[in-house]
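# Structural overview
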Amino acid sequence: NQAHARLPGIRFGNTPEFEEYNEKTPKEIIQSIRICEQLGIPQIVIHPIAFPGATKEENLARNVEHYRPFVKVAKECGVRVLVENMWGHHRDLPGRIVENVCSNGRELALYSDTIADVLDAKDNVGVLVDVGHTGLVGLRADDMIREVHAPDECTEVFARLAEGKKFPIVVQFDWSKL
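Residues numbered from 1 in each chain as written. Predicted model: local features only at pLDDT ≥ 70, side-chain atom pairs only at ≥ 80, totals over all residues. Heavy atoms only, no water.

### Considerations on the nonpolar core
Counting 34 residues, the largest nonpolar core has I33, I44, I46, V71, V83, L108 and I115 as its most contacted members. The set of elements that each furnish at least two residues to this core consists of helix 1 (16-39), helix 2 (56-77), strand 3 (80-84), helix 3 (105-118), strand 6 (125-130) and helix 5 (141-148). For I46, the contacting residues outside a window of four places in its chain are A5, I29, I33, H66, Y67, F70, V81, L82, V83 and E84. (Core = buried A, V, L, I, M, F, W, Y, C linked by side-chain atoms within 4.5 Å. Buried < 20%, exposed > 50% of the residue type's maximum accessible area, 1.4 Å probe, protein only. Helix = DSSP H or I, 4+ residues; strand = E, 2+ residues; numbered from the N terminus. Contact = heavy atoms within 4.5 Å.)

Encoded structure:
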C-alpha cells in the first residue's frame, strides 16, 4: 500500500505560474505525508527531480536536499518515502522518451541509499520500481529489480494508454530468480 505525492515536485521556468507552483507544492507534499499517517498508509512515492544542466553528481546532491524536508516529516509520521524510477522527454525530439534521473536500477539504488544515509533515515527511505517506466526507456523490469537489490520492495505496475488513463495489468515474474 502506498500513496503518490503531487508531481512534479518542481517545475522549471521563469513564470509566475511556475513560481506559485514551486511555492505551494512542497507544502502539499508534506501535507500528503501527514495524511498518510492519519490514514495508516505506510509509504508515499515522491519523484526525484532532474535539474536542467546539472551533472549526475549535482543532481544527486540537489535531490538529497529536495527530499530533506519530506524525509524529516516522514520520520516524524512513521511513513516511508519511496524514490521512483523515472523517464524523460528528449529535448530536441518532441514525443521521444529517454532515460532520466533514476531510470536504471543502479542509479535508483544510489539515490535511495544516499538519501537514506545522508538524512539518517534507513527505515524511512526505499524504492518503488514502476515496471512500466523500465519498458519506456528500453530496460527489462526483472533486470531493474535485480539492480535495485530489493525484490521485496513495493512495485507499481501500470499500462499507459493513449488516453492517458492508467489500468492495472498483470506481470508475472519468477521471484525466486530475483
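What follows continues from the structure just given.
### Quick notes on helix 3
Helix length check: helix 3, at 14 residues, gives a terminal C-alpha distance of 20 Å against a target of 20 Å (1.5 Å per residue), a fit within 8%. Buried residues of helix 3: G105, E107, L108, A109, Y111, S112, T114, I115 and A116, and no others. D120 lies just past helix 3 and shows a positive phi near 50°. (Expected span 1.5 Å × (residues − 1).)

### Some details on the side chain of H66
Relative to the elements of secondary structure, H66 occurs in helix 2. Here H66 falls in the buried class, since its relative accessible area comes to 10%.

### Brief notes about the pattern of salt bridges
Within the structure shown, the criterion is met by seven salt bridges. The residue E23 makes a salt bridge to K27 at a minimum N-O spacing of 3.5 Å. Of this pair, E23 and K27 both sit in helix 1, separated by four residues, roughly a single helical turn. For K27, a relative accessible area of 53% puts it in the exposed group. Residues E65 and R68 are paired through a salt bridge, measuring 2.8 Å at the closest nitrogen-oxygen approach. Placement of the pair is E65 and R68 together in helix 2, with a separation of three residues, close to one helical turn. (Salt bridge = Lys/Arg side-chain N within 4 Å of Asp/Glu carboxyl O.)

### Topic: the packing of helix 2 against helix 3
Running from amino to carboxyl end, helix 2 crosses helix 3 at an angle of 50°, the nearest separation of the two axes being 9 Å. Considering the angle they form, helix 2 stands oblique to helix 3. As helix 2 runs across helix 3, the sense of the crossing is right-handed. Counting all contacts with helix 2, which are made through K56, N59, L60, N63, V64, Y67, R68 and V71, the residues of helix 3 involved are E107, L110, Y111, T114, I115 and V118. (Axes fitted to C-alpha atoms, helices over the stretch in contact; angles between N-to-C directions. Parallel < 35°, antiparallel > 145°, perpendicular 65-115°, else oblique. Left-handed = near helix turned anticlockwise from the far one by under 90°.)

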